[in-house]
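Observations on chain architecture
Chain residues, written in single-letter form:
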Amino acid sequence: MLRMFFYVLIVMIGVVCGPLMRQVQAADRPNVIIVITDDQGYGDIAAHGNPIIKTPNMDRLHAQSVRLTDFHVDPTCAPTRSSVMSGRFSTRTGIWHTIMGRSLMNTKELTVAETFKAAGYRTGMFGKWHLGDNYPMRPQDQGFDHVVWHHGGGVTQGPDYWGNDYFDDTYEVDGKYHKFEGYCTDVWFGEALSYIKANRDKPFFVYLATNAPHGPYLVADKYADPYRKQGLTDTMARFYGMITNVDDNLGVFMQRLDDWQLAENTILIFMTDNGTAAGMRGNKTWRGFNAGMKGNKGSVFDGGHRVPFFIRWPAGGLIGGRDDNVLAAHIDVLPTLVDLAGIKKPDGPPLDGVSLAKRLLDPSMPMPDRQLVLHQQRVHTPIKWRNSLVFTERWRLVNKDQLYDIEADPGQNKDLAGQYPEVVKKLQGRFDKFWDSLQPVYNDYSRIGLGSDAQNPTTLMSHDWLVEDYKYSPWNQARVAEGLVGSGPWAVNVEREGEYEIALDRWPLYIDKPIGAKHAKLAIGDKTVDADVDPSAASAIFRLHLTPGPAMMQSWLTGEDDKVRGAYFVRVRRLP
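In short, a report on the structure.

Here the focus is the overall build of the chain. A tally of helices and strands in the chain yields 12 helices and 24 strands. On C-alpha atoms alone, the chain measures out to a radius of gyration of 24 Å, which is about the 25 Å that the 2.2 N^0.38 rule sets for 576 residues. For the chain, the spread of C-alpha atoms along the principal axes amounts to about 70 × 60 × 50 Å. A burial count over the chain gives 61% of its 576 residues as buried. Look at the contacts in the chain between residues 6 or more apart in sequence, and 69% of them connect residues 24 or more apart. As displayed, the chain has an accessible area near 21,700 Å², and 51% of this comes from carbon and sulfur atoms.

It is worth spelling out the side chain of Asp247 at this point. Counting through the fold element by element, Asp247 comes out in helix H7 (residues 234-259). For the buried Asp247, which has no salt bridge, the nearest side chain bearing the opposite charge is Arg60, at an N-O separation of 8.0 Å. Setting aside residues up to four positions removed in sequence, Asp247 forms contacts with Thr55, Pro56, Asn57 and Met58.

This part covers the environment of Gly49. Assignment of secondary structure puts Gly49 in the loop between strand E1 (31-37) and helix H2 (56-64). Along the primary structure Gly49 and Ala291 are separated by 242 residues, whereas in three dimensions their C-alpha atoms are 6.9 Å apart.

The next point concerns H7. In this model H7 runs 37 Å from its N-terminal to its C-terminal C-alpha over 26 residues, within 8% of the 38 Å that 1.5 Å per residue would give. After H7 finishes, the residue Gln261 shows a positive phi value of roughly 55°.

The next thing to look at is the packing of helix H5 (residues 184-198) against H7. Relative orientation and spacing of two packed helices are given, respectively, by the angle between their axes and the distance between those axes. Between H5 and H7, the least distance of the axes is 9 Å, while the angle of their chain directions is 10°. Judged by the angle between their axes, H5 and H7 are roughly parallel. Here Thr185, Asp186, Phe189, Ala192, Leu193 and Ile196 of H5 come into contact with H7, specifically with Asn245, Val246, Asn249, Leu250, Val252, Phe253, Arg256 and Leu257. Residues belonging to the contact of H5 with H7 are distributed by class as follows: 9 nonpolar, 3 polar and 2 charged.

Turning our eyes to something else, we now look at helix H6 (residues 221-228). Taken together, the buried positions of H6 are Tyr223, Ala224 and Tyr227. Each buried residue of H6 sits inside an arc of 85° when the element is viewed along its axis, so together they form one side. Elements that come into contact with the buried residues of H6 comprise H7.

A separate point is the environment of His151. Secondary-structure assignment places His151 in the loop between strand E4 (146-150) and strand E5 (170-173). When its relative accessible area of 10% is taken as the criterion, His151 is described as buried. Sequence-wise, His151 and Lys425 are 274 residues apart; in three dimensions their C-alpha atoms are separated by 43 Å. Ignoring sequence-local partners within four residues, the contact set of His151 consists of Asp133, Pro159, Asp160, Glu172 and Tyr177. In terms of polar contacts, His151 uses its side chain to reach the side chain of Glu172, at 2.6 Å.

Membership of the largest hydrophobic core comes to 50 residues, with the highest contact counts inside it found for Ile33, Ile196, Val206 and Phe253. At the level of secondary structure, the elements contributing two or more residues to this core comprise E1, H2, H5, strand E7 (204-209), H6, H7 and strand E8 (266-272). Beyond its immediate stretch of four places on either side in the chain, Ile196 contacts Ile33, Phe204, Val206, Phe253, Leu257, Trp260 and Leu262. Counting residues in hydrophobic clusters, the runner-up holds 48 residues, among them Val73, Val112, Ala315 and Leu334.

What follows deals with the pattern of salt bridges. For the structure shown, the criterion picks out 29 salt bridges. Here Asp234 ties to Arg228 by a salt bridge, and the two come within 2.7 Å at their closest N and O atoms. Between Asp302 and Arg396 there is a salt bridge, with the nearest N and O atoms lying 2.9 Å from each other. Placement of the pair is Asp302 in the loop between E8 and strand E9 (309-312) and Arg396 in strand E13 (residues 395-398), with a sequence separation of 94 residues.

Turning next to the sheet that holds E8. Backbone hydrogen bonds hold the strands of a sheet together, and the pairing may be parallel or antiparallel. The sheet built from 10 strands is open, its strands ordered E6-E5-E4-E3-E7-E1-E8-E9-E2-E10 with mixed pairing. Strands with a single pairing partner mark the edges of an open sheet, and in this sheet they are strand E6 (176-179) and strand E10 (322-329). Adjacent strand axes in the sheet meet at a mean angle of 20°, parallel and antiparallel pairs treated alike. Looking at chain direction, strand E2 (residues 66-72) and E9 are connected through 2 bridges and run antiparallel. If you follow Val66 over to E9, its bridge partner there is Ile311. Contacts from H2 reach E2, E8 and E9, with the element oriented near 65° to E9.

What follows concerns the packing of H2 against H7. One can describe the packing of H2 onto H7 by two numbers: an axis separation of 7 Å at closest approach and a directional angle of 55°. The orientation of H2 relative to H7 falls into the category oblique. Only Ile243, Val246, Asp247, Asp248, Leu250, Gly251 and Met254 of H7 make contact with H2, whose side of the interface consists of Pro56, Asn57, Met58, Arg60 and Leu61. For the contact of H2 with H7, the class distribution of residues is 7 nonpolar, 2 polar and 3 charged.

Attention now moves to the packing of aromatic side chains. Applying the stated criterion across every chain, the model contains 31 aromatic pairs. Both rings, one in Tyr227 and one in Tyr240, keep their centres 5.5 Å apart while their planes meet at 70°; by these two values the pair is edge-to-face. Within this pair, whereas Tyr227 is found in helix H6, its partner Tyr240 is found in helix H7, the two being separated by 13 residues in sequence. Exposure remark for Tyr240: the relative accessible area of 2% places this residue in the buried category. Here the aromatic rings of Trp435 and Tyr442 are separated by 4.8 Å at their centres, their planes lie at 40°, and the arrangement is tilted. Summarising the burial analysis for this pair, Trp435 and Tyr442 share the class buried. Every member of this aromatic cluster is reached through a ring pair, and the members are Phe89, Trp96, Trp385, Phe431, Phe434, Trp435 and Tyr442. Arg394 extends its terminal NZ or CZ atom over the ring of Tyr420, reaching a point 5.8 Å from the ring centre. Over the face of the ring belonging to Trp507 we find Lys513, whose NZ or CZ atom lies 3.8 Å from the ring centre.

Because side chains alternate across strand E11 (residues 372-375), one face comprises the buried residues Leu372 and Leu374, and the other comprises Val373 and His375, equally buried. As judged from the 4 bridges shared by E11 and strand E12 (residues 388-391), these two strands associate in the antiparallel manner. Residue pairing in the sheet places Leu374 in a bridge with Leu389 of E12.

Our next topic: the pairing of strand E19 (residues 517-524). Relative to strand E22 (residues 549-559), E19 is paired through 7 bridges, and the arrangement is antiparallel. Across the sheet, Ala517 pairs through a bridge with Gly559, a residue of E22. Where E19 folds back onto strand E20 (residues 527-532) in an antiparallel hairpin, the turn is made up of 2 residues, including Gly525, whose phi is positive at roughly 60°.

About the thresholds
- Per chain, residue numbering runs from 1 following the sequence as it is written.
- Side-chain atom pairs in this predicted model are given and counted only at pLDDT of 80 or more, local residue features only at pLDDT of at least 70, and totals for whole chains, interfaces and linings cover all residues.
- To get the side-chain values, take all heavy atoms of the structure and skip hydrogens and water.
- By the criteria applied, helices consist of DSSP H or I runs no shorter than four residues and strands consist of E runs no shorter than two, each listed in order from the N terminus.
- C-alpha atoms define the radius of gyration in this analysis, and the globule rule sets the expected value at 2.2 Å times the number of residues to the power 0.38.
- Burial status follows relative accessibility: with a 1.4 Å probe on protein chains alone, a residue under 20% of its type maximum counts as buried, one over 50% as exposed, and anything between as partly exposed.
- Here, two residues are considered to be in contact whenever any of their heavy atoms come within 4.5 Å of each other.
- Accessible surface area values rest on a Shrake-Rupley calculation with a 1.4 Å probe, where residue burial reflects the displayed protein chains alone.
- Working convention for charge: Lys and Arg count positive, Asp and Glu count negative, and His plus the chain ends are omitted.
- In the sections that follow, a salt bridge refers to a side-chain nitrogen of Lys or Arg positioned within 4 Å of a carboxyl oxygen of Asp or Glu.
- Residue count minus one, scaled by 1.5 Å, sets the expected span of a helix.
- In this analysis an axis means a line fitted to C-alpha atoms, helices contributing only their contacting stretch, and an angle means the value between N-to-C directions, from 0 to 180 degrees.
- Every angle not falling under 35 degrees, over 145, or within 65 to 115 is termed oblique; those three ranges are roughly parallel, roughly antiparallel and roughly perpendicular.
- Residue type decides the class: Asp, Glu, Lys and Arg count as charged, Ala, Val, Leu, Ile, Met, Phe, Trp, Tyr, Cys and Pro as nonpolar, and the leftover types, Gly among them, as polar.
- The directions from the helix axis to the C-beta atoms are what the arc is built from.
- Whenever a nitrogen or oxygen atom comes within 3.5 Å of another N or O atom, the pair is scored as a polar contact, on the condition that within protein one atom can donate a hydrogen and the other can accept it, and that pairs from neighbouring residues in sequence are kept only if both atoms are in side chains.
- Here the nonpolar core consists of buried residues drawn from Ala, Val, Leu, Ile, Met, Phe, Trp, Tyr and Cys, with membership extended through side-chain atoms lying within 4.5 Å.
- What makes two strands pair is DSSP finding at least two bridges between them.
- Here the aromatic set is Phe, Tyr and Trp, taking the six-membered ring for Trp, and pairing holds for ring centres within 6.5 Å; pairs whose planes are under 30 degrees apart are stacked, those over 60 apart are edge-to-face, and all others are tilted.
- Note on geometry: a ring has a charge over it if NZ (lysine) or CZ (arginine) is within 6 Å of the ring centre and within 35 degrees of the ring normal.

What follows is the structure in structure tokens.
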């Protein structure tokens, strides 16, 4: 305990006095765990006033933590995850959508995993990544030593292993598929605990990202039935049941940290990736409790992006159930953890976030006034002012010309733009600067690597087609199964010169179904090839000589019905 006291003292001095004071012995550094759930809103926790949901373990962590009550993320999942990983606004990382090739994080970003790995930490990732399924954007390419994860933005989406249904699924483990027993959330927590147990004698960073309670809403009846009995609709009962299952797992997880005597010197964060999915798109059949906020997932009103953020670190004094209403966001996670852990951040792109370490360690520490920005685009190329927000501790400027005083009007019911034109003008100027700073990103692409030794062969999926219109994106398994008509390019980068075999598939190869096409065409860079195909064959296969560099790759399959569709799956292999 004496050794731990001196470590915490060193960290506190270092946070105040600068990075030269913060180099401490690796054995004394805190472990770091981020638990992030999917589509669970601020009001989907009993401790936040929800009168129906049962979350005793989240409530217990709430009581043990410093709670940032004015903490914000992006309104949808992939953008939030990129900001947590990078400490930068999501658009700056190349992400402003969840599909259509705009959910792939730029590999120039320095991730929180790379940062902790450089400091000697073991790094593990479990669950949902949603920042790219191919080299060089996979979690194992971005700083994680060990990964257990599903592809795409959710289980049952197009890039995910076909046949998965949340129970006894097949997930990727360090580059190879492995079939698991049990419910998906149980698997993520169980695998994270196994990793922690094996690495508890050295500092570790664990990113545990559940896909629950994201749809489809699949959970055992023992979790949904108690809510059905209270009169909730079936969808709402299953949504809450998924959260209660997460809560059960969180309880076991925290108990194991206690049993292994790790809880004291572990920074444990619980947060979510966007506002609640309950009531999305005006669905009145399963609205839940939203803590008085307007909007839900996808909205730039507070209900879409203000989320829970609990942080507990007993050895560092972050305990005791204390609220802090300082304005904070996902971009602050990386710099805050760097300072709390007393590590040095390697050189990388400039951060948008700020360290909250001083404030967390000393709640009397003043913080500068901030003007934060977010926008929810979900289009191929961002449109200025589309679903936009500039916000301060008091004000919310929504969609350029709606102004709300969040302190006096937390439900955002009264537009005050006409009464405070000077505030509107000031916040519009902030957005102008933000928008201008992002201009270089809009015409750039995060490119999938072909021919790298790190992943050869590699399979590309239509989830990542760069298409202009959502209705032409076969991003999930249902759209592939129905044979959605359309085609789009992938942004790729040929890593090495050589002979390549490129196979065009209608279905994932492992489910053994025919291509159902009579003609196939492939274009990559300045090369175009085509050939007639036997519809009963599994694939259309081409061989090409490729030279290194960026390119666009696109495919077309003419079906027996004469409709032209892109190959939803393309396998690329650099030959020996």
